[in-house]
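Results of the structural survey
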Amino acid sequence: MNNERHYLTSLLDPKSIAIIGASETPGSIGETLVRNVLDSSFKGKVFFVNPKHEKVFGQKSYESVEAIPHRLDLAVVCTRAETVPNIVEACGRAGTRAAIVLSGGFSETGPRGANLERAVIENARRHRVRLLGPNCLGVMRPSAGINLTFAHGNANAGTIGLISQSGALCTAILDWALPNNVGFSTVVSLGSEGDVDFGEILEYMVADPKTENIFLYIEGIKNARRFMSALRAAARCKPVLLIKVGKHPSGERAVRSHSGAIVGDDDVFDAALRRAGVVRLGTVGQMYAAAQALFSHFRPRGNRLAIITNGGGPGVMAADHCCDIGIPLATPSEATIAKLDEVLPPYWSKANPIDIIGDADPARYAAALQICLDDDQIDGVMVILTPQAMTDPTQAARVVIETARKTDKPVVTCWMGEELVREARLLFKGAGIPTFRTPEPAVELFSHISAYYRNQRLLMETPASISAQVAPRLESARLVIETALAEGRKLLNEMESKALLAAFRIPIAQTVVARSPSEAMVLAEEIGLPIVMKIDSPQITHKSDSGGVRLNLNSLAAVRDSYNEIVEEVRKNRPDAIIHGVAIEPMIQKANGRELMVGMTRDQVFGPTILFGPGGVGVEPTGKDRAVALPPLNPFLVSDMLASTHTSAKLGAFRNMPPVSMEALESVLLRVSEMVCELPWISELDINPLIVDENGAVAVDASISIEHLPLTAARYDHMAIHPYPSHLAISYQTNDGQTINIRPIKPEDADIEQEFVQALSPETKYFRFMNTIRELSLSQLIRLTQIDYDREMAFIALTDIDGKETEIGVARYATNPDGESCEFAIVVSDDWQGKGVARRLMGVLIDAARASGLKYMNGDFLAENTRMLRFVSALGFVLSPHPDDSGLKRGVLVLD
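Predicted model, so just to flag it, every value in this text is computed and none were measured.

Cut-offs and rules
Every residue gets a number counted from 1 within its own chain, in the order that chain's sequence is written. In keeping with the model being predicted, local features are shown solely for residues with a pLDDT of at least 70 and side-chain atom pairs are shown and tallied solely at 80 or more, while totals for entire chains, interfaces and linings include all residues. No hydrogens and no water enter the side-chain calculation; it runs on all heavy atoms of the structure. Salt bridges, as used here, are contacts in which a Lys or Arg side-chain nitrogen is within 4 Å of a carboxyl oxygen on Asp or Glu. Each residue gets one of three labels from its accessible area relative to the maximum for its type: buried under 20%, exposed over 50%, partly exposed in between, using a 1.4 Å probe on protein chains only. The helix and strand labels rest on DSSP assignments: H or I over at least four residues marks a helix, E over at least two residues marks a strand, and numbering proceeds from the N terminus. To pair, rings of Phe, Tyr and Trp, with the six-membered ring standing in for Trp, must have centres within 6.5 Å; the planes then decide the type, stacked if under 30 degrees apart, edge-to-face if over 60, and tilted in the middle. For two strands to count as paired, DSSP must find a minimum of two bridges between them. Between the N-to-C directions of two axes lies an angle of 0 to 180 degrees, each axis being a line fitted to C-alpha atoms and, for a helix, fitted only over the stretch in contact. Here a residue-residue contact requires only that any non-hydrogen atoms of the pair lie within 4.5 Å. To estimate the expected span of a helix, count its residues, drop one, and scale the result by 1.5 Å. It is the directions from the helix axis to the C-beta atoms that the arc portrays.

Tallied over the full model, the rule gives 56 salt bridges. A salt bridge links Arg-425 to Glu-418; the nearest nitrogen and oxygen atoms lie 3.6 Å apart. Where Arg-560 meets Asp-561, a salt bridge forms, and the shortest distance between an N and an O atom there is 3.3 Å. With a relative accessible area of 34%, Asp-561 lands in the partly exposed category. Linked by salt bridges that have partners in common, Arg-130, Asp-195, Glu-200, Glu-203, Arg-226, Asp-788 and Arg-791 make up one network.

Structure (structure tokens):
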């Protein structure tokens, strides 16, 4: 694969532009847009279109886009909504590659506007015109002199890429950025996302060398898989910060009316962001602060914060806010305490917050800060100053700046007051050190920096759909589901639900159904008293609410009477319910057991979501009581999930009870993750209670809802994050008996991938990379090993050489934007060429591409690489001259 320009370059970095609706009418969008273009330093060609005028601001105006004597990269449309479908049609006939529709009056206005929007999108797609909008602010690319917006004024060139679903917020951020010397690589207002969406703009910014940091403003997500895929790809290479609105019901209603997007449950969105390695901000003010922190080039390690203060009250305020938002106060090492004793007054606080006393001079600030930064148990420092009679705020700021320059640990400051600290704040601003007037926003900024570190670790995790435990009985589980669906049922009864759990090796309380009082007594005798009895009805999910549960029955007489009572009470409370009988199971009595809930629900945006929290009758866990995670899970992700809840505190030694078996609880969560991945028919799952004690876990009650799947659904289409495809791994033996393993690449393969490339001969490197690369850069290494298995695939061939697992070849493809074709590349180490490794790699790569629904596989090859040309021809590729480069050949393989 060669380094072609990105397919959205015509939209975001065009060389020729037409403004359709150009105007001189003061205050109009057309006039503002024209002025912005003329006031910028755009070096490309600009054309104006307005059939009512021969000239606009002294420049020729064309009657239509088709009259322009030049093929355009981009047309910007700012005319009335009803004219836009025909204008986009004309752009397509003229060969225009992309269009931006600034005009409003489309789907956000109702059915008529939605019909107009559909016509615009249909016309654009028919002519393969990529379209941004409608109802958007436009695009800025300051370094190229591009300002195709109706915002007033330009932006500084810089390294931040801004993508927003709100044009109004874009203008506010741009207005703030100019006087604060914050610059942008690209600014994109998405509007209604009729065609080009969040995911595609993110992909562009990942590839854009001018973009180092990415800011997002989100109101809702339309394509969760593409969004997550692009977000994870971006976060692997560049810091991504975002604001998402619609946290609460009233906010969600406002969002729907603004952009028509569907907002998912906010806890689920947060869970998605954690897995994407992204930091979520709460306010625009936090976004401004985060921008300053990005320019400070902090390298966060963790979330343990030390607070240095010359006043006890502000230190306590900061500590309280740390507690409120879950930031642990660092515990300084004994060596650090001893060093602080040497430089601080005898009556300093001896703990964190580190109160260096009201008479602290600049030297005391510098010494305390340096000692804290040197402590490995401290991940970042917040420095607070209150202007007291003995303090020198300005000089204290200077020594803090000087000390902070020597470290890459985060340092945030809070110089409280106004008049006496004004100069100090200017010094901090000039040095790029975040500074605040009060402690709380300073703590929040540190929390965002540390969250970035934590989420980056979660991003690196690539769990498989099946964990490394005893394999589940998949066929048994699928048969239970298929039988229920064939009978027209979408709710499994308790025995069926538990059969699914048992198929995935989750311990259950065995359940049988009695259809008469006498049968109930016989089954109770066989199971052994005491027992639990529950109504068995397909219409009743919450059995206790209908009077359908009896617990701890110790005699057969009680069993007989309870059967009749349950049936009578349920018929009274739920006359609509069909009663199949009464379920009987052993009474699980665990003296040290904790009742928990493990479940799964299908979020309308992000799909299957795993829940964990306290269990029992009437428990509805919310907030910090419950944890939410997107599957697939592995042990690291399960540990992170459990640690994020208040419930986890009750799992350790608690009220004279020993700690529960975390291994057993982890196993259940991993098994539920497996069920979610491999049984896409499940729409809802509830294990409540799951009783866990020091000896293990058992699912006492379970309920599972199912639904039919689309006929075209692929194996993991139902999931926002594609699992690691471990099922694609193969092994074979060479003629001389050496074992070769071929499997999809993982993030932890970065070292062996680098060693593989370094060991290639100069000729092999040149044929693969089309340049004289010596080794992969960090960003290239990340890009090649941390892949999205939904949109791309890479297989590595491994063998044992001198007792070390060694990479000997790699083949990969990446899906093109058309969703039908992919670009492939392959390289085999020099010592293994001609031994069949390349053919094996291409075999599994072609099979994977075909299985994912792709129709064509393309490749570009140097014309002088005759060996490769013979190889791909033998595989069935049809070769032809490359349309853009005479030194290349283009190969196409039909996969159907």
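This next bit is on the environment of Val-84. Relative to the elements of secondary structure, Val-84 occurs in helix 3 (residues 84-93). Judged by its relative accessible area of 0%, Val-84 falls in the buried class.

So, on to the packing of aromatic side chains. Aromatic ring pairs: the centre-centre distance and the angle between the two ring planes describe each pair. The full count for this structure, using the stated rule, is 10 aromatic pairs. Between Phe-47 and Tyr-62, the aromatic rings sit 6.1 Å apart at their centres with planes inclined by 65 degrees, giving edge-to-face as the arrangement. Of the two residues, Phe-47 is situated in strand 2 (residues 45-49) and Tyr-62 in strand 4 (residues 59-62); the sequence distance between them amounts to 15 residues. Ring geometry for Tyr-365 and Trp-415: centres 6.0 Å apart, planes at 45 degrees, overall tilted.

What follows covers the sheet that holds strand 23 (residues 581-586). Across the sheet, four strands lie side by side as 20-23-21-22; this open sheet has antiparallel pairing. Looking at which strands have only one partner, the edges of the open sheet turn out to be strand 20 (512-514) and strand 22 (549-553). The average angle at which neighbouring strand axes cross in this sheet is 30 degrees, direction not considered. Taken together, the three bridges between strand 21 (residues 531-536) and strand 22 define a ladder with antiparallel strand orientation. Bridged to Lys-534 within strand 22 is Val-549. This element, helix 18 (residues 494-503), spans strand 20, strand 21 and strand 23 of the sheet and lies at about 40 degrees to strand 23. Against the sheet, helix 19 (residues 517-527) engages strand 20, strand 21 and strand 23, with an angle of about 150 degrees to strand 20.

For the rest of this paragraph, the subject is helix 23 (residues 750-759). Counting along an α-helix, one turn takes 3.6 residues, and residues three or four places apart therefore face a common direction. Buried within helix 23 are the following residues: Ala-750, Ile-752, Glu-753, Gln-754, Phe-756 and Val-757. On the buried face of helix 23, the contacting elements are helix 24 (762-769), helix 25 (778-785), strand 32 (792-801), strand 33 (804-815) and strand 34 (821-828).

This part takes up the sheet that holds strand 30 (residues 730-733). The strand order 30-31-32-33-34-35-37-36 describes an open sheet built from eight strands, whose pairing is mixed. Looking at the sheet topology across the chains shown, the edges are occupied by strand 30 and strand 36 (878-881). Each neighbouring strand pair of the sheet contributes to a mean axis angle of 25 degrees, computed without reference to strand direction. With seven bridges joining them, strand 33 and strand 34 adopt antiparallel strand pairing.

It is worth spelling out helix 11 (residues 312-325) at this point. For helix 11, with 14 residues, the first-to-last C-alpha span of 20 Å sits near the 20 Å given by 1.5 Å per residue. All buried positions along helix 11 are accounted for by Pro-314, Gly-315, Ala-318, Ala-319, His-321 and Cys-322. What you see down the axis of helix 11 is that its buried residues fit within an arc of 160 degrees, all on one side. Opposite its buried face, helix 11 presents the exposed residues Cys-323 and Asp-324, each directed more than 90 degrees away. Looking one or two places after helix 11, you find Gly-326, whose phi comes out positive at around 80 degrees.

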